Structures are given as C-alpha cells and as structure tokens.
Amino acid sequence: MGMLVKGRWRDEDQLHINGHYQRPVSVFDGEIEGEHLKQARNQPGRYVLIGSASCPWSHRCILVRAVEGLEGMIPIHLAHGPRVEGYALDGGKEWPIPGTRNTARHLHQLYSLSEPAYTGRSTVPVLWDRETCRIVSNESSQIVAFLAALGGRGRLFPTPTAAAQEELQLRMHEALNNGVYRAGFAESQEAYDEAVVEVFTMMDELEERLGDHSFLMGKALSYADLQLFVTLVRFDPVYYILHRCCLKRLVDYPRLWRWARRIYQMPGVSDTVDWGAICRASYANDTRHAQPAIVPVLPLADWWQLP
Ligand SMILES: N[C@@H](CCC(=O)N[C@@H](CS)C(=O)NCC(=O)O)C(=O)O
C-alpha cells in the first residue's frame, strides 16, 4: 500500500509486527473542537467528508451522515480508482481540492498539504476543511462524534446508556470490526488463529444479545448498530471468503441476519451500501492479497426479504 515519510510517498509497508496485522493509527485524531461544530452550522459545505464506498471506517461516517440527515451540510466525496500511491481521489484523474485552485490525484497529497512533513499512512475517512485547507480529522470515531453532535438529536448516543454502549463498541471494534482484518491480513498461523476465534466469539455473543433486544442497546437504533452493520454487510461477500473468517456466514446466524436486514431496509441505509465497490476494492484493488484480480459473484442473500 505505501505511506508518506516526511511528506514524500514511499511504496514500503510497515503493517505487521511478528505476523500480526496492525491497523494504522490516525494522526489527525484529536477530538474535533466545538468551534468546528459552530462553523459547520454557520457555513454549510465548509467541511467535506472524503471517504471510500468500500471502506468500513468511511461507511460508519457515511451512515451517520445519512441517518442524521446531514447531506445538505456536509458534502461527500468518494475516493475511487486503482491504488497506485494509496487511494486515488478520482479514478486517477486530477481532482479539484475543495477551497483551493489546486488539484490532486492521490489522497496522500491532502495529507502533505495539511502537514508538509507528514509521516504516516494516508487513510480514509478524512474530514477536510475547505477554509483552512487542512485535514481536521482522519479518525472515524472522532468524525462520527462530530457528525452525531451536528445532527444534535443525541439519538445515536443516548445518555442513559452511554457507558454501556461505549464498552460494547470498544469490544466489537477490537474483536470483530478490526478482528476480520487481523484474521485476513495475518502473516502467521498463530495471528490468524487468535483473531478468528475473537471474531466468532463476538458474533456468538451478539447473536445471543439480540435474543432480547431489537437493537444492540435495546429498543432503539444507536451508533453501536451502525458500527456493527458496516462489518456484517461485508461479512459473507468479503470476510468469509477472502479473510478466511469461514466458520459461519452471517446468514447462518438467524438473529444477526434478521437484524442486519432490518437496518439495511431503514430509509437511506441501502443507498450507502455499494456492493460493487466493496467487492472490487477487496478483490481487485487491494494488492495485499496475493491473488489474481478476480471479483467473485455475490453470495445469494435476499437483503430485501422482510426481517
Ligand atoms: N483509524 C482509522 C482507520 C481507517 C482505515 O484503516 N482506513 C483504511 C481503509 S478501510 C485505509 O485508508 N487504509 C489505507 C492504508 O492503510 O494505507 C479510522 O478509523 O478512521
């Protein structure tokens, strides 16, 4: 994949320690200051969400934007195209950088524009400020918190269950959302074994949990549901096959499968799921899996079947 070292692109990767995959840490990862919320309300269109339709961390932000109805306030750009120097912004073409007269081909150029001596990976999602021409954040959890606060309804993070929700989100993130990558990108049997056990232990726990809950935190949708959804929607087409998370499929878990369809059928949600982009990115664009760029057929699953 490659990364920036002191603002210059290098093709080498530094993603494994003893065979264990390490997800890149975000550098622009601080809490997004309240001042930005004020500006976002006063100047709709000032902050641009740059994501990728294939990336689950971007998908978290895209879903919160949709559920909170922020389309008029936060424009979105979906980076796409073959990854020559990491993510291409617009299929390899020059893309006009919001707020400047300049253009860029690669996502990493936005990073070095923000921080000329930037060292690190250039990841999506990114929240871009067109006034200061800088990345405000490249950490999905911070962008999600910002978007949810902008929505202002507190619906996705209800106060009474905030601590329990955060605890569940953290565990799901480690074991499942990131667990499927630790399994899929493992470079040793031991690293794979460890990750895949965590993935299915968490799937089993969530299946149980949905026995007496309609949603993960009870009767209403919360952000914990959206965080889980982005992984489960990719589970059978990508993680089951490509990442070797093949003990069971999503459709083998009756409650999780029913719950996933319920979320998919909520207004605005299915529009955020781009099956083609998800499969192309995983099977054809991501060169980490040594295999020919052949995109398999989607598994038979009727996501519109009533839950
Ligand atoms: N901490 C980041 C992680 C995001 C992330 O890992 N994004 C992946 C795409 S799914 C990426 O951009 N990878 C590019 C790379 O590793 O160079 C977040 O949650 O926002």
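Residues numbered from 1 in each chain as written. Predicted model: local features only at pLDDT ≥ 70, side-chain atom pairs only at ≥ 80, totals over all residues. Heavy atoms only, no water.

As recorded in an unreviewed UniProt entry, the chain goes by the name Putative glutathione S-transferase, listed as coming from Aestuariispira insulae.

The next subject is the sheet that holds strand S6 (residues 76-78). Within a sheet, adjacent strands bond to each other through the backbone by hydrogen bonds, running parallel or antiparallel. One open sheet accounts for 4 strands, arranged S6-S5-S9-S10; its pairing is mixed. The strands lining the two open edges of the sheet, one partner per strand, are S6 and strand S10 (134-137). The mean angle between the axes of side-by-side strands here comes to 35 degrees, regardless of whether they run parallel or antiparallel. Relative to strand S9 (residues 126-129), strand S5 (residues 47-51) is paired through 4 bridges, and the arrangement is antiparallel. In the sheet register, isoleucine 50 faces S9, and the bridge partner there is valine 126. (Pairing = 2+ DSSP bridges. Helix = DSSP H or I, 4+ residues; strand = E, 2+ residues; numbered from the N terminus. Axes fitted to C-alpha atoms, helices over the stretch in contact; angles between N-to-C directions.)

Next up on the list: the domain arrangement of the chain. Domain boundaries in the chain define domain 1 (3-151) and domain 2 (159-267). The C-alpha-based centres of domain 1 and domain 2 are spaced at 24 Å. Contacts between the two partners involve 17 residues from domain 1, matched on the other side by 21 residues from domain 2. Buried area between domain 1 and domain 2, summed over both chains or domains, comes out near 1600 Å², and the portion from carbon and sulfur atoms is 63%. Of all residues in domain 1, the largest losses of buried area upon contact with domain 2 belong to His20, Tyr21 and Arg60, amounting jointly to 34% of the total for that side. The interface formed by domain 1 and domain 2 holds 0 salt bridges in total. (Domains from an automatic or database assignment. Contact = heavy atoms within 4.5 Å. Buried area = accessible area lost by both parts, 1.4 Å probe. Salt bridge = Lys/Arg side-chain N within 4 Å of Asp/Glu carboxyl O.)

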